[in-house]
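Analysis of the macromolecular model
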There are 2 protein chains.
Amino acid sequence: MKILTLIFLICVACYTPLLASEERGTGDLGVVVERADGSLQVIESTGNTLLGRIEGLGDLSHASAVFSRDERYAYLFGRDGGLTKVDILQRKIVARTIQSGNSIGGAISQDGTLVAVSNYEPGGVRIFNATTLAPVADIPAVYGDGKQSKVVGLVDAPGDRFIFSLWDAGEIWVAEMKNPHKPVIHKYKNVGVQPYDALITPDGRYYIAGLYGEDGLVLLDLWNPDKGPKRILGDYGKGQQKLPVYKMPHLEGWAIAGKRLFIPAVGRHQVLVVDTDTWSEVDRLDVHGQPVFVMSRPDGRHVWINFAFPNNDTIQIFDTQEMKLVKTLQPGKGVLHMEFEPRGEEVWVSVRDIDRLQVYDTESFKQVAEWPALKPSGIFLTSRAHRIGL
Amino acid sequence: MKILTLIFLICVACYTPLLASEERGTGDLGVVVERADGSLQVIESTGNTLLGRIEGLGDLSHASAVFSRDERYAYLFGRDGGLTKVDILQRKIVARTIQSGNSIGGAISQDGTLVAVSNYEPGGVRIFNATTLAPVADIPAVYGDGKQSKVVGLVDAPGDRFIFSLWDAGEIWVAEMKNPHKPVIHKYKNVGVQPYDALITPDGRYYIAGLYGEDGLVLLDLWNPDKGPKRILGDYGKGQQKLPVYKMPHLEGWAIAGKRLFIPAVGRHQVLVVDTDTWSEVDRLDVHGQPVFVMSRPDGRHVWINFAFPNNDTIQIFDTQEMKLVKTLQPGKGVLHMEFEPRGEEVWVSVRDIDRLQVYDTESFKQVAEWPALKPSGIFLTSRAHRIGL
């Protein structure tokens, strides 16, 4: 008997460290930024549950994430210049570097081998090995007589390219990473005053930057880069608005539904509808407040919209065919972000001021799950790993 | 010493069964059908290697696969009516049922809870619990005076719907699965003679069926189902062709690039280019043989085309902006299928007659990997789990 008991206990002891992590698929996982605590909640969207917390990620205000192509690792871009690689399966940090004094976002290359970070201080873009986070290349955003520019609107594009905008310089740069140690840079100058954010269309063809210093947007057709950037939607921007701007809208949140682009107006209680054939405005939706994110349900039939303070307790859902309001939800104060599950059947919502994560059915609009989280902000599902520009 | 040795051996014994499987991300995995042997190769697309074989899947001629939303499990639809659920991580069969005498494809519901199979014998669609493969519902394809129809072109659509076509009846049915045990069926009759296959657009809006018994295609706009199916491209089909048809093209392989649809002509050495605003033909590409699959690189800039016998040793790549040939590859006899990695940097190719799987870089067109496989046919990457209609 005694020897059997011993064997049993040894077996338990041997098993334990393996059971602490998990063998499971990673296609339904995600991370939620808990900005106040510098931590991440790991979530799964099949049963809509929380799996655990990863701590010690530094200043996560305005943080964003991208994923490794196997959907196991997340790369977190913190405001304090911290770049952290976390293992979502084992729920631990596997590598971390403070790569600058102040950063504003990042991207992962098409082939998944490189992670790029855009910096405010000292400016420029730094490129890291996605496996080890070892530095690979440094792209100082030098312009004019040797000044360094803040860099914003960094995205990946097909052909292992990174695209980004220079706030101070008013330039868009395209970095070809065929030889990762020697990026080839194409510079587009005088694109406009103070590009402050950008998006790339889901097919990776059009890069669109917003301008803070003047009205209008800048569009670069990456299929025809020789034609250079062109200005579109000349009236778009804060110059036209009469209301105070509580929050500049996120450009990454712009929704493409079919051939329509849905853009949050700056300062106005409106969403602009743009035809992507002509890049001209074809309609406007009157909405509940100053829109922050306008997110397309993956099938494009609905857009979900959240709002700046003092209307940030509300989400509105519009039908993109009828161009009319179909539902108004009030999840609670501080709705900061929405993330659709990849086939669109449900959406995750972070409600900061009541410390809640909520999940809604996108057909019935019913809340199907709710969990506590510490001042949740950005929600990022691993399915982004398979998408160009995310 | 003896007791330590015993402990060591027990530890090894305890570990072994766990090491046989793997803790890893599943976003970069896939399966390749080895039709002659009724087996699957499990592949991974980060290092481009083979991970192992799963055997005992029955008759896999014309087999296809869908994936669980966590990207861990594949559901294989065999020609012999076999429905098999395999665990890609552990590389084993977890459930298998012979659900009919002859089946032709399947789909997984938007929320991942239901798997549907379309049958030739006895006809109709059967619905199974995705976890256990227990039967959930049976949809006999009864038409006219009680006859059963063969069912083809089964796809999933947003709103937990399945759409399929009745070969013998000339009908399209939409099954709403809100209550899985009591599907609500909407029937569209007299859509055309012998629908033989179908596709759904990536946003899940348009269902398009090909007709074997007459020329033209049938389009159902799922955003406006009340308008009913309409006929498009009246000249499309085998009626117009002068050449013998070696193989009816796959409709699932049709490529959408931007607002253009690229369709393999039937019998002709041509690919048709269709404007998806008007659903009319705007161009034709002359190609190397009778096209079978016309696949869009995920960014839409290129389409890759393979061909029916006797031209099935060749792949052609066309630029969708210039509408011109950019490359001809000759992988070897029996090019049966192509599958792009989700961000499009590489493509997997099955070359049946030389028993090879090949991987190509989609920018340089260079072959970057090659592996032996037993008469490989369909290639399915787990990233399909996140896509509507795949």
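Residues numbered from 1 in each chain as written. Chains lettered and ligands numbered in written order. Predicted model: local features only at pLDDT ≥ 70, side-chain atom pairs only at ≥ 80, totals over all residues. Heavy atoms only, no water.

**Let's talk about the overall build of chain A**
Let me state the cut-off plainly: Only DSSP runs of H or I covering at least 4 residues are called helices, and only runs of E covering at least 2 are called strands; the numbering of each starts at the N terminus. The size measure is the radius of gyration over C-alpha atoms, and the globule rule it meets is 2.2 Å times the number of residues to the 0.38 power. Partly exposed residues are those whose accessible area sits between 20% and 50% of the maximum for their type, while under 20% is buried and over 50% is exposed, using a 1.4 Å probe and protein chains only. Whether two residues are in contact is decided by their heavy atoms, any of which lying within 4.5 Å being enough. Residues counted as positive are Lys and Arg, residues counted as negative are Asp and Glu, and His and the chain ends are not counted. Charged groups are reduced to one reference atom each: NZ for lysine, CZ for arginine, CG for aspartic acid, CD for glutamic acid.
Helix and strand counts for chain A come out as one helix and 34 strands. For a compact globule of 390 residues, the expected C-alpha radius of gyration is about 21 Å, and chain A comes in at 22 Å, within 12% of that figure. Once the C-alpha set of chain A is aligned to its principal axes, its extents read approximately 85 × 50 × 30 Å. Per-residue burial for chain A yields a buried fraction of 61% across its 390 residues. For chain A, the proportion of contacts with a sequence separation of at least 24, taken over those separated by at least 6, is 41%. In chain A, 42 side chains carry a positive charge and 47 a negative one; their mean positions are 2 Å apart.

**Some details on the interface of chain B and chain A**
Spelled out, the test is: The term buried area refers to how much accessible surface (probe radius 1.4 Å) is lost by two components on association, counted for both of them together. For this analysis, a salt bridge means a side-chain nitrogen from Lys or Arg found within 4 Å of a carboxyl oxygen belonging to Asp or Glu. In the analysis that follows, any N or O atom pair within 3.5 Å is treated as a polar contact, provided that within protein one partner can donate a hydrogen and the other can accept it, and provided that, for residues neighboring in sequence, both atoms belong to side chains. Residues are grouped as follows: nonpolar covers Ala, Val, Leu, Ile, Met, Phe, Trp, Tyr, Cys and Pro; charged covers Asp, Glu, Lys and Arg; every other residue, Gly included, is treated as polar.
Contact with chain B, which involves 59 residues of that partner, is made by 59 residues of chain A. For the pair chain B and chain A, the summed buried surface comes to about 4700 Å²; carbon and sulfur atoms form 52% of the total. If you sort the residues of chain B by the area they bury against chain A, Glu23(B), Arg69(B) and Arg343(B) come out on top, with a joint share of 20%. Linking chain B with chain A are 12 salt bridges. In this structure, the salt-bridge partner of Glu363(A) is Lys178(B), at a minimum N-O distance of 3.8 Å. Seen at the junction of chain B and chain A, the total is 41 residue pairs in polar contact (both at pLDDT 80 or more). When residues in the side of chain B that touches chain A are grouped by element, the largest group, nine residues, is from helix α1 (residues 2-20) of chain B. A breakdown of the residues in the side of chain B that touches chain A according to their chemical character gives 18 nonpolar, 18 polar and 23 charged.

**Thoughts on the relation of the copies chain B and chain A**
Note the following rule: Superposition of the copies used a least-squares fit over C-alpha atoms from residues whose pLDDT is at least 70 in both.
Superposition of chain B onto chain A requires a rotation of 180° combined with a translation of 0.0 Å along the rotation axis, giving an RMSD of 0.0 Å. Both copies of the chain, as the preceding transformation shows, are related through a two-fold rotation axis. Looking at the rotation axis and the C-alpha trace of chain B, the residue lying nearest is Glu23(B), at 2.4 Å. The share of interface residues of chain B whose copies in chain A are also at the interface is 100%, consistent with both copies meeting through the same surface.

**Digging into the domain arrangement of chain A**
Residue and element names in this part refer to chain A. As a reminder, the rule being used: Domain limits in this description derive from either an automatic procedure or a database domain assignment.
Split into domains, chain A comes out as domain 1 (112-121 + 145-235) and domain 2 (247-330). Averaged C-alpha coordinates put domain 1 and domain 2 at centres separated by 24 Å. Counting residues at the interface gives 16 residues for domain 1 and 13 residues for domain 2. Buried surface at the junction of domain 1 and domain 2, summed over both partners, amounts to about 1200 Å²; 79% is from carbon and sulfur atoms. Counting the contacts that link domain 1 with domain 2 gives zero salt bridges. Residue assignment for the side of domain 1 that touches domain 2 shows that the elements contributing at least two residues are β18 (195-200), β19 (206-211), β20 (217-221) and β21 (230-232).

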